[in-house]
Amino acid sequence: MAEAVTRAVLKRDGIEAEVSSRGLFAHDGEPASDYAKLAMKNYGLSLDEHTAKTISREDIASADIVLTMTGSIKQALSAVCPAEKLFTFKEYSLGEDGDISDPFGGSPSVYMECAEEILKCAEALAEKLGAKTDK
């Protein structure tokens, strides 16, 4: 959901950036959950083609910034990712501590709440990146 929402917001705002989603314990090739797909349909987005991918050292090396959903994921990646490019999504986009809730196993409304958190961060990210490109 974070990839789809962030990509759509950046595109809407005319910001060129590569956005990709990876997981620490992703089952490579697994499709998005039905509730994640449903949540994204509410935003006019599709996860029908999305498949899970595990993060690799190559992904980290090629990224300008690595944004995690939670502090615990950030902590887990800190051993292999330079601190200057590793942030939680809320930390980088909103300048605040906190995690984006993991909806896994939750109800459709839990997935929608998560999508709303992601949207808030994606819009703040677009504003931040837009400000950098205006200079």
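The structure this text deals with has already been given above.
Residues numbered from 1 in each chain as written. Predicted model: local features only at pLDDT ≥ 70, side-chain atom pairs only at ≥ 80, totals over all residues. Heavy atoms only, no water.

Student: Provide a residue-level description of the overall build of the protein, including the pertinent values.
Tutor: Helix and strand content of the protein: six helices and two strands. Oriented by its inertia axes, the alpha-carbon framework of the protein measures out at about 40 × 35 × 25 Å. Residue burial in the protein is summarised as follows: out of 135 residues, 36% are buried. Summarising the internal contacts of the protein: among those between residues at least 6 apart in sequence, 57% fall at separations of at least 24. When the accessible surface of the protein is summed, it comes to about 8,300 Å², and 51% of that surface belongs to carbon and sulfur atoms. The positive charge centre, built from 15 side chains, and the negative charge centre, built from 24, are 3 Å apart in the protein. (Helix = DSSP H or I, 4+ residues; strand = E, 2+ residues; numbered from the N terminus. Buried < 20%, exposed > 50% of the residue type's maximum accessible area, 1.4 Å probe, protein only. Contact = heavy atoms within 4.5 Å. Areas by Shrake-Rupley, 256 points an atom, 1.4 Å probe, with all protein chains shown as cover. Lys, Arg positive; Asp, Glu negative; His and termini not counted. Charge placed at Lys NZ, Arg CZ, Asp CG, Glu CD.)

Student: How would you summarise the packing of aromatic side chains if you had to cite specific residues and measurements?
Tutor: Inspection of the entire model under this criterion finds two aromatic pairs. Here Y35 and Y111 contribute two aromatic rings whose centre-to-centre distance is 5.9 Å and whose plane-to-plane angle is 70°, an arrangement assigned as edge-to-face. On the criterion of sequence distance, the pair formed by Y35 in helix α2 (residues 34–41) and Y111 in helix α6 (residues 108–134) is long-range, its members being 76 residues apart. A residue is classified by how much of its surface remains accessible, and Y35, at 38% relative accessible area, is partly exposed. Just above the ring of Y92 sits the side chain of K128; from NZ or CZ to the centre is 3.7 Å. (Phe/Tyr/Trp six-rings, centres within 6.5 Å; stacked < 30°, edge-to-face > 60°. Lys NZ or Arg CZ within 6 Å of the ring centre and 35° of its normal.)

Student: Could you give an account of α2, with specific residues and numbers?
Tutor: Those residues of α2 not exposed but buried are A36, K37, A39 and M40. Taken down its axis, α2 places every buried residue within 160° of arc, on the same side. Turned more than 90 degrees off the buried face of α2, the exposed positions are D34 and K41. (Arc of directions from axis to C-beta.)

Student: Could you give an account of the environment of D28, with specific residues and numbers?
Tutor: By the secondary structure assignment, D28 is in the loop between α1 (2–12) and α2. Considering only alpha carbons, one finds D28 and A52, 24 residues apart in sequence, at a separation of 5.0 Å. Side-chain polar atoms of D28 contact the backbone nitrogen of T54, separated by 2.7 Å. (Polar contact = N/O pair within 3.5 Å; in protein donor to acceptor, adjacent residues only side chain to side chain.)

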